[in-house]
Amino acid sequence: MRKTILFDLDGTLIDSTPAILDGFDTAFKTHGQPLPDHEKIKSLVGYPLDVMFEGLGAPKDLVTDYIGAYKKRYEQIYLDQTTLLGSAKDALKLADSFADVGIVTTKTSKFSAILLKHLGVMQYIDIVIGRDDVKRPKPDPEPVNLALVRLGKDSAEHRQNAFMIGDTPMDMLAAKAAGVTGLGLLCGYGTLADLRDCTDLIFENSLEAAKYAANL
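Please read these numbers as outputs of a predicted model, since none were measured by experiment.

> How would you summarise the nonpolar core if you had to cite specific residues and measurements?
Grouped together as the largest cluster of nonpolar side chains are 52 residues, with contacts concentrated most on Ile5, Phe7, Phe24 and Phe53. With seven residues, the single largest contributor to this core is helix α4 (residues 63–77). Beyond its immediate sequence surroundings of up to four residues, Phe53 is in contact with Phe24, Ala27, Phe28, Ala58, Val63, Tyr66, Ile67 and Tyr70. In this structure, Leu6, Ile127, Leu146 and Ala178 belong to the second largest nonpolar core, which totals 16 residues.

> Can you lay out empty space enclosed by the protein for me, pointing to particular residues and giving the numbers?
Rolling a probe over the atoms, with the probe sized like a water molecule, indicates the empty space that remains. Counted under the stated rule, the structure contains one cavity of 30 Å³ or more. Each pocket or cavity is described by its volume, and for the largest cavity that value is around 40 Å³. A class-by-class count of the residues in the lining of the largest cavity yields no nonpolar, three polar and three charged.

> Go over the sheet that holds strand β4 (residues 99–104) with me, naming the residues and quoting the values.
Spatially, β5-β4-β1-β6-β7-β8 is the arrangement adopted by the six strands of the open sheet, whose pairing is parallel. Sheet topology places β5 (127–129) and β8 (202–203) at the edges, where each strand pairs with a single neighbour. Seen against the sheet, helix α11 (residues 206–214) touches β1 (3–7), β6 (162–166), β7 (181–185) and β8 and runs at an angle of roughly 150° to β7.

> With reference to specific residues and values, describe the state of the cysteines.
One pass over the structure, following the stated rule, counts zero disulfides. Looking at Cys187, it has no disulfide partner, and the nearest cysteine sulfur is the one in Cys198, 16 Å off.

> So, the packing of aromatic side chains: which residues are in play, and what are the values?
The tally for this structure, following the rule as stated, stands at 10 aromatic pairs. One aromatic cluster is present, formed by Phe24, Phe28, Phe53, Tyr66, Tyr70, Tyr74, Tyr78 and Phe111 through successive ring pairs.

> Summarise the pattern of salt bridges; cite the residues concerned and give the values.
Throughout the structure, instances matching the rule amount to 10 salt bridges. One salt bridge in this structure joins Lys138 and Asp171, with 2.6 Å as the shortest N-O distance. In this pair, Lys138 sits in the loop between β5 and α7 (142–151) while Asp171 sits in helix α9 (residues 169–178), placing the two residues 33 residues apart along the sequence. An identical accessibility class is assigned to Lys138 and Asp171; each is buried. A network of salt bridges, in which partner residues are shared, links Arg2, Asp100 and Lys153.

> With reference to specific residues and values, describe the layout of surface pockets.
Approximately 450 Å³ is the volume attributed to the largest pocket. Every residue lining the largest pocket is counted, 22 residues in all, and those nearest its centre are Leu49, Tyr70, Thr106, Lys107 and Thr108. Counting residues per element, the ones that place at least two in the lining of the largest pocket are α3 (49–55), α4 and α6 (109–118). The leading source of residues in the lining of the largest pocket is α4, at five residues. By residue class, the composition of the lining of the largest pocket is 12 nonpolar, four polar and six charged. Two domains each put at least three residues into the lining of the largest pocket: domain 1 (3–15 + 83–215) and domain 2 (16–76). By volume, the second largest pocket amounts to about 150 Å³. The residue makeup of the lining of the second largest pocket, split by class, is seven nonpolar, four polar and one charged.

> Account for α9, with residues named and values stated.
Within α9, seven of the 10 residues are buried, which leaves the element mostly enclosed by the surrounding structure. All buried positions along α9 are accounted for by Pro169, Met170, Asp171, Met172, Ala174, Ala175 and Ala178. In this structure, the buried residues of α9 make contact with α7, α8 (156–159), β6, β7 and α10 (192–196). Phi turns positive one or two residues past the end of α9, at Gly179, with a value near 80°.

> So what's going on with the packing of helix α1 (residues 17–30) against α4? Residues and values would help.
What describes two packed helices is the angle between their axes and the distance between those same axes. Contact pair α1 / α4: the axes reach a minimum separation of 8 Å and the direction vectors enclose 140°. Regarding the angle of α1 to α4, the classification is oblique. Note on packing geometry: the crossing formed by α1 with α4 is right-handed. Counted together, Ala19, Ile20, Asp22, Gly23, Phe24, Thr26, Ala27, Phe28 and Thr30 of α1 and Tyr66, Ala69, Tyr70, Arg73, Tyr74 and Ile77 of α4 form the full contact between these two elements. Classifying every residue of the contact of α1 with α4 by side-chain character gives 10 nonpolar, three polar and two charged.

What counts, and at which threshold
- Residues numbered from 1 in each chain as written.
- Predicted model: local features only at pLDDT ≥ 70, side-chain atom pairs only at ≥ 80, totals over all residues.
- Heavy atoms only, no water.
- Core = buried A, V, L, I, M, F, W, Y, C linked by side-chain atoms within 4.5 Å.
- Buried < 20%, exposed > 50% of the residue type's maximum accessible area, 1.4 Å probe, protein only.
- Helix = DSSP H or I, 4+ residues; strand = E, 2+ residues; numbered from the N terminus.
- Contact = heavy atoms within 4.5 Å.
- 1 Å grid on protein atoms, 1.4 Å probe; cavity = no way out; pocket = protein on both sides within 12 Å on 5 of 7 lines; lining within 4 Å.
- Points joined across faces, edges and corners; volume = space filled by probe spheres on them.
- Nonpolar A, V, L, I, M, F, W, Y, C, P; charged D, E, K, R; others polar.
- Pairing = 2+ DSSP bridges.
- Axes fitted to C-alpha atoms, helices over the stretch in contact; angles between N-to-C directions.
- Disulfide = S-S within 2.5 Å.
- Phe/Tyr/Trp six-rings, centres within 6.5 Å; stacked < 30°, edge-to-face > 60°.
- Salt bridge = Lys/Arg side-chain N within 4 Å of Asp/Glu carboxyl O.
- Domains from an automatic or database assignment.
- Parallel < 35°, antiparallel > 145°, perpendicular 65-115°, else oblique.
- Left-handed = near helix turned anticlockwise from the far one by under 90°.

Encoded structure:
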């Protein structure tokens, strides 16, 4: 039986920090507000945009407008300002050799697929589940469950051989709630302390996590 590997994107396979920071700066400038603290932004990566903007102090009744300004800027720059993390391509190639591979992200699925094709790795990926595909994003299990359903791997037996690889507690909590094994990474935005609250399986990068899954 082929295993299932689900990857997060930001901080797991890609570094889009410059584009994310630029997008948030633009949104706040557009609304005449001081630029947000960049370290605070990075600490919130992995949450949906509405949660991030509220956490950064955007007025709740204007969050939709802030998101619109962010997305307009992000769409202009994300291909040029996003790179694969060092081990990401090797991780995807390895995962594809023994598992069905999916992406589960809080980015939109449309632009995630365009980005992954641009980065030259879409051929290793079977499905992409984004924020626009679900009502409840991570840490809710809905995105993981949907990925398993679309892969035809949602039985209890398949879940025992499924892994969610990500860099934040949201990834680990979604994995646990969906009944799959969460593999935490130190190469992204989550801290070791936060990850340890959610999983005992923590690796330096996505390739090390994929190797672990391959050898089980």
